[in-house]
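Observations on chain architecture
So you can see what is in the structure, the chains are spelled out below.
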Amino acid sequence: VQLQASGGGLVQPGGSLKLSCAASGSMFSINVMGWYRQAPGKQRELVATITRGRSTNYADSVKGRFTISRENAKNTVYLQMNSLKPEDTAVYYCNAVIGVTAATSLNYWGQGTLVTVSS
């Protein structure tokens, strides 16, 4: 199983970016999908998660600005980021809890995509 993230880049404060992450490989099911980020010198932190039934959870710092969504048919999770701030600068990692069999679920990470918010 692999998670392939894309969509990072350089954006000015107040701008928008949309991240995508597609899961591929042999999977029985995909349960929770999410995004985490790690800024320089800081620990990795939760940004947002979404269940298969599309229940969502957000970090307080991004509520009202970021929206997580998923397309189950494409095994893909998205993160729409609006009103970006310099403090959103980080490497963003997608994450998924994937059922590799009917009885076994494993946690997978994507390779990370850099988001830089700067004028």
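Residues numbered from 1 in each chain as written. Predicted model: local features only at pLDDT ≥ 70, side-chain atom pairs only at ≥ 80, totals over all residues. Heavy atoms only, no water.

**Examining the packing of aromatic side chains**
Let me state the cut-off plainly: Only Phe, Tyr and Trp rings take part, Trp by its six-membered ring, and two of them pair if their centres are within 6.5 Å. Stacked means planes under 30 degrees apart, edge-to-face means over 60, and tilted covers everything else. Numbering goes from the N terminus for both helices and strands, where a helix is a DSSP run of H or I of at least four residues and a strand is a run of E of at least two. Any Lys NZ or Arg CZ found within 6 Å of a ring centre and within 35 degrees of that ring's normal is scored as a charge over the ring.
Going through the model one piece at a time under the given rule, you end up with 1 aromatic pair. Measuring from centroid to centroid gives 5.0 Å for Tyr36 and Trp109, while their planes differ by 70 degrees, and the two rings are edge-to-face. One end of the pair, Tyr36, is in strand E4 (residues 29-38); the other, Trp109, is in strand E10 (residues 105-109), with 73 residues separating them in the sequence. It is Lys18 that lies over the ring of Tyr78; its NZ or CZ is 4.7 Å from the centre. For Arg44, the ring lying beneath its charged end belongs to Trp109, and the centroid distance is 4.6 Å.

**What to know about the state of the cysteines**
The cut-off we apply is this: Throughout, disulfides are identified as pairs of cysteine sulfur atoms within 2.5 Å of each other. We call a residue buried when its accessible area falls under 20% of the maximum for its residue type, exposed when it is over 50%, and partly exposed in between, using a 1.4 Å probe and counting protein chains only.
Counting across every chain of the model gives 1 disulfide. Disulfide pairing is shown between Cys21 and Cys94; the S-S distance is 2.0 Å. Disulfide Cys21-Cys94: torsion about the S-S bond near 45 degrees, hence right-handed. Here Cys21 is found in strand E3 (residues 17-24), whereas its partner Cys94 is found in strand E9 (residues 90-99), with 73 residues between them in sequence. Look at Cys94 and you get buried, because its relative accessible area is 0%.

**Notes on the sheet that holds strand E8 (residues 76-81)**
In a beta sheet, neighbouring strands are held together by backbone hydrogen bonds and run either parallel or antiparallel to one another. Spelled out, the test is: Here the rule is simple: two strands pair whenever DSSP picks up at least two bridges between them. Only the stretch in contact is used when fitting a helix axis, every axis being a line fitted to C-alpha atoms; angles between N-to-C directions are given from 0 to 180 degrees.
What the 4 strands build is an open sheet, ordered E1-E3-E8-E7; its pairing is antiparallel. Whereas interior strands pair on both sides, the edge strands pair on one side only; in this sheet they are strand E1 (2-6) and strand E7 (66-71). Between one strand axis and the next, the sheet turns through 15 degrees on average, direction left out of account.

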